[in-house]
Amino acid sequence: ASLAPTVIRKAQRGNPWAQEVIREAQTHLAALVVELARSLSWKGTLPLSVSGSILENAWFLRGFLTVLRKNNINFRFHRRKTDPAIAPLSTFLRPS
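Residues numbered from 1 in each chain as written. Predicted model: local features only at pLDDT ≥ 70, side-chain atom pairs only at ≥ 80, totals over all residues. Heavy atoms only, no water.

Colleague: What exactly am I supposed to notice about helix 2 (residues 16–39) here?
Modeller: Helical geometry: 3.6 residues make up each α-helical turn, so side chains three or four residues apart lie on a common side. Over its 24 residues, helix 2 runs 34 Å from end to end, which matches the ideal 34 Å to within 8%, given 1.5 Å per residue. For helix 2, the full list of buried residues reads Ala18, Ile22, Gln26, Ala30, Val33, Val34 and Ala37. Those residues of helix 2 hidden inside the fold are in contact with helix 1 (4–12), strand 1 (46–48) and helix 3 (58–70). Here helix 2 starts with a cap whose side-chain oxygen sits 2.9 Å from the backbone nitrogen of Trp17, and that cap is Asn15. Two residues or fewer past helix 2, Ser41 is found with a positive phi of approximately 50°. (Helix = DSSP H or I, 4+ residues; strand = E, 2+ residues; numbered from the N terminus. Expected span 1.5 Å × (residues − 1). Buried < 20%, exposed > 50% of the residue type's maximum accessible area, 1.4 Å probe, protein only. Contact = heavy atoms within 4.5 Å. Polar contact = N/O pair within 3.5 Å; in protein donor to acceptor, adjacent residues only side chain to side chain.)

Written out as structure tokens, the structure reads:
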């Protein structure tokens, strides 16, 4: 994961090796979503939110969402408003 920003940058600049690594990563992540949706027999629009430093990169995220569309996954992307690691604490940190 520590190399991800460098690989993404190189892929954006046209490095074929880096582009292949990124394509594989996007395809793998999309395959996980496809597998989950199918195993749940999900009907209708799949609510989708992501987390992680790689998926916070807009360029990587766009490619990932494109791969999902090519797999005919009907989804609605929801940008997260809170870091998932901190979200449960927000209940306790709210003023009464």
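Colleague: Can you walk me through a nonpolar patch on the surface in this structure?
Modeller: On the surface, a nonpolar cluster with roughly 310 Å² of combined accessible area is contributed by Leu36, Leu40 and Trp42. If you trace the backbone, Leu40 turns up in the loop between helix 2 and strand 1. (Patch = residues over 30% accessible without salt bridge, like charges linked within 9 Å, V, L, I, M, F, W, Y side chains within 5 Å. Areas by Shrake-Rupley, 256 points an atom, 1.4 Å probe, with all protein chains shown as cover. Salt bridge = Lys/Arg side-chain N within 4 Å of Asp/Glu carboxyl O.)

Colleague: Honestly, the packing of helix 2 against helix 3 in this entry has me stumped. Any pointers?
Modeller: To characterise two packed helices, one gives the angle between the axes of the helices and the distance between these axes. Close contact between helix 2 and helix 3 brings their axes to 9 Å; oriented N to C, the two are set at 50°. Viewed along their axes, helix 2 and helix 3 adopt a mutual orientation that is oblique. Classified by chirality, the crossing of helix 3 by helix 2 is right-handed. In this structure, helix 2 contributes Ile22, Ala25, Gln26, Thr27, Leu29, Ala30, Val33 and Val34 to the contact, and helix 3 contributes Trp59, Phe60, Gly63, Phe64, Val67 and Leu68. Looking at the contact of helix 2 with helix 3 residue by residue, the class counts come to eleven nonpolar, three polar and no charged. (Axes fitted to C-alpha atoms, helices over the stretch in contact; angles between N-to-C directions. Parallel < 35°, antiparallel > 145°, perpendicular 65-115°, else oblique. Left-handed = near helix turned anticlockwise from the far one by under 90°. Nonpolar A, V, L, I, M, F, W, Y, C, P; charged D, E, K, R; others polar.)

Colleague: What's the story with the packing of helix 1 against helix 2 in this structure? I'm lost.
Modeller: Across the interface, helix 1 lies against helix 2 with an axial gap of 7 Å and an inter-helix angle of 115°. Judged by the sense of rotation from one axis to the other, the crossing of helix 1 with helix 2 is left-handed. The residues of helix 2 that touch helix 1, namely those facing Val7, Ile8, Lys10 and Ala11, are Trp17, Ala18, Gln19, Val21 and Ile22. The residue makeup of the contact of helix 1 with helix 2, split by class, is seven nonpolar, one polar and one charged.

From the geometry alone we can't say anything about function, so treat these as descriptive.
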